[in-house]
Amino acid sequence: QQQVKQSPQSLIVQKGGIPIINCAYENTAFDYFPWYQQFPGKGPALLIAIRPDVSEKKEGRFTISFNKSAKQFSLHIMDSQPGDSATYFCAASNSGAGSYQLTFGKGTKLSVIP
Amino acid sequence: EAQVTQNPRYLITVTGKKLTVTCSQNMNHEYMSWYRQDPGLGLRQIYYSMNVEVTDKGDVPEGYKVSRKEKRNFPLILESPSPNQTSLYFCASRTTTSRLSHTQYFGPGTRLTVL
């Protein structure tokens, strides 16, 4: 049973567009929701993360929107650039239970074309 | 430089030939983990370790072994590799002593092909 569902699987946008990647979770005990960015040939790296006590978090051009009642969160990339082309993974964990395990979505391959 | 290193980066082997992928971190992290990444399946956890001599199964542990004899090292062992273990493997680590830091730091990956 997949606990974090991510969509779409792939996404192509023009430079300057605003790609949106969505994730939904089932476990209401999850309390930490990070997004990881992975470039080809590299390991994933933390991009931005949110806790459920806020509905939005913004870091530079990257914004997480969080809807606790719907158990959904999404990543928005403002003014997207070709350098943002990468695979993006959402994840979730229950940090309050002393668990450090991250449950990942299946990933979204983003291509930003000039 | 704070980092997680993995070796080898690429490995082609044959079915049944034992292999070890090494992982080392220089951040004094307590928690270490192994993932495999497959197209359309994302990142799936194989094994993790909360500290020295403490290891536990993740979501897909079959066919793998790990050990944690030193805090910095967490090798992944495939005693009898099979073609279905062909994958991209990532080691990761994080601290467990800071309430403010939840970041997992990933290594560069090891691409394994089992013929």
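Asker: Where do I start with a nonpolar patch on the surface in this structure?
Answerer: Residue and element names in this part refer to chain A. A contiguous nonpolar surface patch, about 240 Å² in accessible area, is contributed by Ile18, Ile20 and Met78. Summarising the element assignment, isoleucine 20 is placed in strand β3 (residues 20-25). In this structure isoleucine 20 comes out as partly exposed when scored by relative accessible area, which is 37%.

Asker: What is the right way to look at the packing of aromatic side chains in this model?
Answerer: Ring pairs (aromatic) are described by centroid distance and by the angle formed between their planes. Residues and elements named next belong to chain B. A complete count under the given rule lists 18 aromatic pairs over all chains for this structure. Ring geometry for tyrosine 31 versus tyrosine 48: centroids 5.8 Å apart, planes at 25°, classification stacked. Of this pair, tyrosine 31 sits in strand β4 (residues 31-38) while tyrosine 48 sits in strand β5 (residues 42-51), placing them 17 residues apart in sequence. One exposure class covers both tyrosine 31 and tyrosine 48, and it is buried.

Asker: Help me understand the interface of chain B and chain A, please; the structure alone is not making it clear to me.
Answerer: It is common to report an interface's size as the accessible area lost on association of the parts. Chain B puts 20 residues into the contact, and the matching count from chain A is 19 residues. On inspection of chain B and its partner chain A, the count reaches 0 salt bridges. Taken together, the links from chain B to chain A amount to 5 residue pairs in polar contact (both at pLDDT 80 or more). No other element matches β5 of chain B, which puts 4 residues into the side of chain B that touches chain A. Looking at the side of chain B that touches chain A residue by residue, the classes come out as 8 nonpolar, 9 polar and 3 charged.

Rules of the game
- Residues numbered from 1 in each chain as written.
- Chains lettered and ligands numbered in written order.
- Predicted model: local features only at pLDDT ≥ 70, side-chain atom pairs only at ≥ 80, totals over all residues.
- Heavy atoms only, no water.
- Patch = residues over 30% accessible without salt bridge, like charges linked within 9 Å, V, L, I, M, F, W, Y side chains within 5 Å.
- Areas by Shrake-Rupley, 256 points an atom, 1.4 Å probe, with all protein chains shown as cover.
- Salt bridge = Lys/Arg side-chain N within 4 Å of Asp/Glu carboxyl O.
- Helix = DSSP H or I, 4+ residues; strand = E, 2+ residues; numbered from the N terminus.
- Buried < 20%, exposed > 50% of the residue type's maximum accessible area, 1.4 Å probe, protein only.
- Phe/Tyr/Trp six-rings, centres within 6.5 Å; stacked < 30°, edge-to-face > 60°.
- Contact = heavy atoms within 4.5 Å.
- Polar contact = N/O pair within 3.5 Å; in protein donor to acceptor, adjacent residues only side chain to side chain.
- Nonpolar A, V, L, I, M, F, W, Y, C, P; charged D, E, K, R; others polar.

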